[in-house]
Structure formats: C-alpha cells, structure tokens
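# Survey of secondary and tertiary structure
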Amino acid sequence: MSGFFRVGGSAYDDFMGRYSVRLAPLFADFAGVHGGRVLDVGAGTGALTGELVRRGADVAAVEPSPEFCAALRERFPSLEVAEAPAEQLPFPDGSFDVALAPLGRVESAELEVTADYDDFEEFWHALERQVGPAGAWLASLSDEQRARAREEMHRQLGSPSGTFSLTGRCYAARVSTDARSAPVPTSVTSTSSSRSTNST
Ligand SMILES: C[S@@+](CC[C@H](N)C(=O)[O-])C[C@H]1O[C@@H](n2cnc3c(N)ncnc32)[C@H](O)[C@@H]1O
C-alpha cells in the first residue's frame, strides 16, 4: 500500500495535522454529516474522527498504520478502531449510514485550509519528520540535494523571515444515493476546529 503512513502520530500532526484539523469541519459539512453511524476510512490520527464525534456521530475508524491506530485508541478510548486498509473493511455491507472514503451521483469540490508557521524552520522541521510521500521524497535526497531543496522551497515560499501562512487544497468527492445534497462549504483561514465521500 503506497499511501500507508509509517511515522509516529506527533510527526503526522506536525506535518499534516495542522491542515487536517482545519479541513475536518469543511469536509464534514461537505459530506453532510450531522450524526448517524459513520465509517471514517484512513482516519490517520483522528482529525476528522474528532470532528465527527463532536457532531454526535457514532464513529468507527479504520486505518492501516499501526502507529496511527495507537494514537486513535489513545485519543478516542471508547471508539471502535480497526487496523485495516480500505480494501479489506472488517464490517458487513450496510453497517453504516455514511462512509467517508467513495453508487450514485458524484460531485467534487476543492476545499481550502490555511495553516500558520512561526518561521521557515518550523515548516522545514515538519517536512524533515518524513511524513507521507513528501517526507519520503526528502529522505531520498543526498545532503547536497536536500540543501538545494531547502533553499528552493524557501525561495518559492517568498523567502519568509518570520511568520507566514500556507494554504492547502483538498480535492473531495461525494456520492449520493438520493437527490439531496448539502451546499459546498467555503474555505477556512483560522484555527478551529453525504453520503460516501473521499478526501486527500
Ligand atoms: C492524508 S491522511 C488523512 C488522515 C485523516 N483522515 C485526518 O483527518 O487527518 C491519509 C490516511 O490514509 C491512510 N491510508 C493509506 N492507504 C490506505 C488504504 N489503502 N486504506 C485506508 N487508509 C489508507 C494513511 O495511513 C493515512 O493515515
């Protein structure tokens, strides 16, 4: 499984979690989740899971990474957490009202979230923690290539000397089995907090 993340929960939170937490309410709105029995596939360390729980949903989380499953169990002790990939869901058909991961009409949207960094060092440190494909790419570089990549990223970010913000874009799709559909939510720029839906 190429997208399977094998890093600790804190590295994930440092690198991607700062976007996931902001994205979660947009995605839950987009999916139209306001309760019910919900399956969160690829739950990571639980940014979306937490938002679903806050909305009163009865959530089961599925995640193939053992490290992330440990983080999920620690954060949500009463939740059902299954260590499994989407291709092998350990639930019978028809167990859920909503499955967040793709039956009917497909709509897509771009959801944007903005995260803040104290300085370029914070951004680079999060990248160096080797989360996901970006982290694997960085780890594959020689020292010289890494130094050049650092310089180039600093330049492409506008050569920030202090605090700066970055906007991330998530491509989401939802599939409805009926004619109802929630309006597509707008982007968020501050810290916060369907039917079948898929993100990232
Ligand atoms: C970008 S993260 C999204 C995490 C989470 N939804 C959140 O709110 O932060 C993608 C997650 O999908 C998981 N993943 C990768 N391959 C998967 C698969 N085949 N089935 C289910 N999850 C998978 C990764 O381990 C990772 O935790």
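All figures in this text were calculated on a predicted structure; none of them were measured in a lab. (Residues numbered from 1 in each chain as written. Predicted model: local features only at pLDDT ≥ 70, side-chain atom pairs only at ≥ 80, totals over all residues.)

## Focus on the overall build of the protein
- Counting secondary structure elements, the protein contains six helices and seven strands.
- When the helices and strands of the protein are read in sequence order from the N terminus, they spell out α-β-α-β-α-β-β-β-α-α-α-β-β.
- For the protein, the residues scored as buried account for 34% of the 200 residues in total. (Helix = DSSP H or I, 4+ residues; strand = E, 2+ residues; numbered from the N terminus. Buried ≥ 20, exposed ≤ 12 C-beta atoms within 10 Å, placed from the backbone.)

## A closer look at the environment of Ser 159
- Along the polypeptide, Ser 159 turns up in the loop between α6 (143-156) and β6 (164-176).
- Along the chain, Ser 159 and Phe 120 lie 39 residues apart, while their C-alpha atoms are 8.4 Å from each other.

## Regarding α6
- Taking 1.5 Å of rise per residue, the 14 residues of α6 would be expected to cover 20 Å, and the 20 Å separating its terminal C-alpha atoms lies within 8% of that figure.
- Summarising burial for α6: zero of the 14 residues are buried, a small minority.
- A positive backbone phi angle near 90° is found at Gly 158, which sits one or two residues after α6. (Expected span 1.5 Å × (residues − 1).)

## Considering the site of the ligand
- Not every one of the 21 residues close to the ligand is listed here, only the nearest: Ser 20, Gly 42, Gly 44, Ala 47 and Ala 86.
- Within the residue set of the shell around the ligand, elements represented by two or more residues are α1 (9-31) and α2 (47-54).
- For the shell around the ligand, the element with the highest residue contribution is α1, accounting for three residues.
- Grouping the constituent residues of the shell around the ligand by class yields 13 nonpolar, six polar and two charged. (Near = placed C-beta within 6 Å. Nonpolar A, V, L, I, M, F, W, Y, C, P; charged D, E, K, R; others polar.)

## Focus on the pairing of strand β1 (residues 37-41)
- Burial analysis of β1 places four of its five residues in the buried class, the great majority of the element.
- Here β1 pairs with strand β2 (residues 58-62) via five bridges, running parallel. Its bridge partner being in β2, Val 38 is matched across the sheet by Val 59.
- With α2 bridging β1 and the parallel β2, this β-α-β connection has right-handed handedness.
- With three bridges connecting them, β1 and strand β4 (residues 98-100) associate as parallel partners. Considered in β4, the bridge of Val 38 is made with Val 98. (Pairing = 2+ DSSP bridges. Right-handed = clockwise from strand over helix to strand, strands pointing away.)

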